[in-house]
Amino acid sequence: MPLKKAVIPAAGLGTRFLPATKTVPKELLPIVDKPILLYVVEEAIAAGIEDIVIVAGRNKNAIEDFFDRSYELEDTLYKTGKTELLKVVKDIQEMVQVISIRQKEAKGLGHAVYTAKPVVGDQPFAVLLGDEIMIATDGPNVTAQLHQAFEKSGASTVAVMEVPNSDVHKYGIVAVDDTEADLMKVHSVVEKPAAEEAPSRLALPGRYVFSSSLFDHIEALPPGKNGEIQLTDAMTHQAQNQGLFATRFVAKRYDAGDKLGYLQANIELGLQHPQVGQDLKLYLKNLKL
Ligand code: UTP
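This report concerns the structure included in the present document. Being a predicted model, the structure only gives us computed values, none of them experimental.

Brief notes about the overall build of the chain
Tallying secondary structure elements over the chain gives eleven helices and 14 strands in all. The C-alpha radius of gyration of the chain comes to 19 Å, within 12% of the 19 Å expected for a compact globule of 289 residues. When the backbone C-alpha atoms are referred to their principal axes, the chain occupies close to 60 × 50 × 35 Å. By the burial criterion, 49% of the 289 residues in the chain qualify as buried. A separation threshold of at least 6 residues defines the contact pool for the chain, and within that pool the share at least 24 residues apart is 75%.

Okay, here's the thing in structure tokens:
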């Protein structure tokens, strides 16, 4: 089945970015001049996704408005001859079909993904976390890499990366037989384990392709760790019933939902920016630390 739908959860409370995220969703915070969410949407589009479901929370309007027309702004840009900026603004509205759904309470990632069920139906779908930026410098992006792996495995397939022991408690960690295989068969997924209890050091950074049976598993779940409906619990059920595979990806990844990751993304992507890259480089070189 072709992969045409993607779900982008963006309804978390973003507490690590308070007070900024009191009124602005963290997914709309800018990396240089583009919101984090736009990098994620662009990745989905470049991978051939046609329908994007954004799961938003209380600040849903800001996200919807971002992908909507802005008549006053467009008119002003037109009248002042700022045609390049006008194109940037218009391109965003025309890039793809964006459907916004509200997660009324931040009850966990599994719950956020489940809210997209009426739109996704029985199709396979990608999930891209709205605060994770993945830049593939060469070749297909991470969602496209996963799509290829999904076609090979014929079952849900998720991206994993190796993390140091000190970081396993921050991620969902997979239990697999052979950590060196291209496609690793997953037995179970543990949500944020202590280092000594982790089944491996292979962590889920936030890119997945699922078959629709995932929704049935989420539906049947009781609340898990921290009282939330955990995506990782549903993944374990899918692994034990329909099968689940993990694969390593090739890309530079920024955890833009974390302060340090956010700053790193701004510096590294700022250095590549055509307008400010050179000046930023000079500034950093001369910075006395
Ligand atoms: P995080 O755990 O990083 O987001 O979820 P958070 O809860 O907003 O962050 P902090 O820890 O309070 O700062 C990863 C992604 O899943 C979404 C978030 O918006 C983020 O993009 N998410 C999380 C939801 O959409 N709903 C939820 O209930 C939880």
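Now that the structure has been shown, the text picks up again.
Considerations on the site of the ligand
Taken together, 19 residues surround the ligand, and among them Gly12, Gly14, Thr15, Glu27 and Gln103 come closest. A distance of 2.8 Å separates an oxygen atom of the ligand from a polar backbone atom of glycine 12. Between an oxygen atom of the ligand and a side-chain N or O atom of aspartate 131, the distance comes to 3.3 Å. Protein burial of the ligand: of its 580 Å² of free accessible surface, 83% is covered by the chains.

Considerations on the packing of helix H10 (residues 259-271) against helix H11 (residues 277-286)
The N-to-C vectors of H10 and H11 enclose an angle of 120°; their axes lie 7 Å apart at closest approach. Taken together, the axes of H10 and H11 lie oblique to each other. Across the interface between the two elements, Ile267, Gly270 and Leu271 of H10 pack against Gly277, Leu280, Lys281 and Leu284 of H11. Here the contact of H10 with H11 is composed, by residue class, of four nonpolar, two polar and one charged.

Points about a nonpolar patch on the surface
A surface patch of nonpolar side chains, amounting to about 600 Å² of accessible area, comprises Ile267, Leu271, Tyr283, Leu284, Leu287 and Leu289. Counting residues per element, the ones that place at least two in the nonpolar patch are H10 and H11. You can see leucine 271 is positioned in helix H10. Since its relative accessible area comes to 36%, leucine 271 is described here as partly exposed.

Looking at the pairing of strand E6 (residues 125-128)
The alternating pattern of E6 places Phe125 and Val127 on one face and Ala126 and Leu128 on the opposite face, and all of these are buried. Taken together, the three bridges between strand E1 (residues 5-10) and E6 define a ladder with parallel strand orientation. The residue bridging valine 7 from the neighbouring strand is valine 127, located in E6. Sheet topology note: the E6/strand E12 (residues 207-210) ladder contains four bridges and is antiparallel. Pairing of leucine 128 across the sheet is with arginine 207, part of E12.

What to know about unusual backbone geometry
For the bond running from leucine 18 to proline 19, omega is 10°, close enough to zero to count as cis. In this fold, proline 19 is placed in the loop between E1 and strand E2 (30-31). Phi at lysine 192 takes a positive value of approximately 40°, unusual for a residue other than glycine. Position of lysine 192 among the secondary structure elements: in the loop between strand E10 (184-191) and strand E11 (202-203).

A closer look at the pairing of strand E4 (residues 51-56)
With five of six residues buried, E4 lies mostly within the body of the structure. Direction of pairing for E1 relative to E4: parallel, over a ladder of six bridges. Note on E4: the bridge partner recorded for alanine 10 is alanine 56.

So, how was this worked out
Residues numbered from 1 in each chain as written. Predicted model: local features only at pLDDT ≥ 70, side-chain atom pairs only at ≥ 80, totals over all residues. Heavy atoms only, no water. Helix = DSSP H or I, 4+ residues; strand = E, 2+ residues; numbered from the N terminus. Rg over C-alpha atoms; globule rule 2.2 N^0.38 Å. Buried < 20%, exposed > 50% of the residue type's maximum accessible area, 1.4 Å probe, protein only. Contact = heavy atoms within 4.5 Å. Near = heavy atom within 4 Å. Polar contact = N/O pair within 3.5 Å; in protein donor to acceptor, adjacent residues only side chain to side chain. Areas by Shrake-Rupley, 256 points an atom, 1.4 Å probe, with all protein chains shown as cover. Axes fitted to C-alpha atoms, helices over the stretch in contact; angles between N-to-C directions. Parallel < 35°, antiparallel > 145°, perpendicular 65-115°, else oblique. Nonpolar A, V, L, I, M, F, W, Y, C, P; charged D, E, K, R; others polar. Patch = residues over 30% accessible without salt bridge, like charges linked within 9 Å, V, L, I, M, F, W, Y side chains within 5 Å. Salt bridge = Lys/Arg side-chain N within 4 Å of Asp/Glu carboxyl O. Pairing = 2+ DSSP bridges.

Without other data, these values stay purely geometric and don't point to any function.
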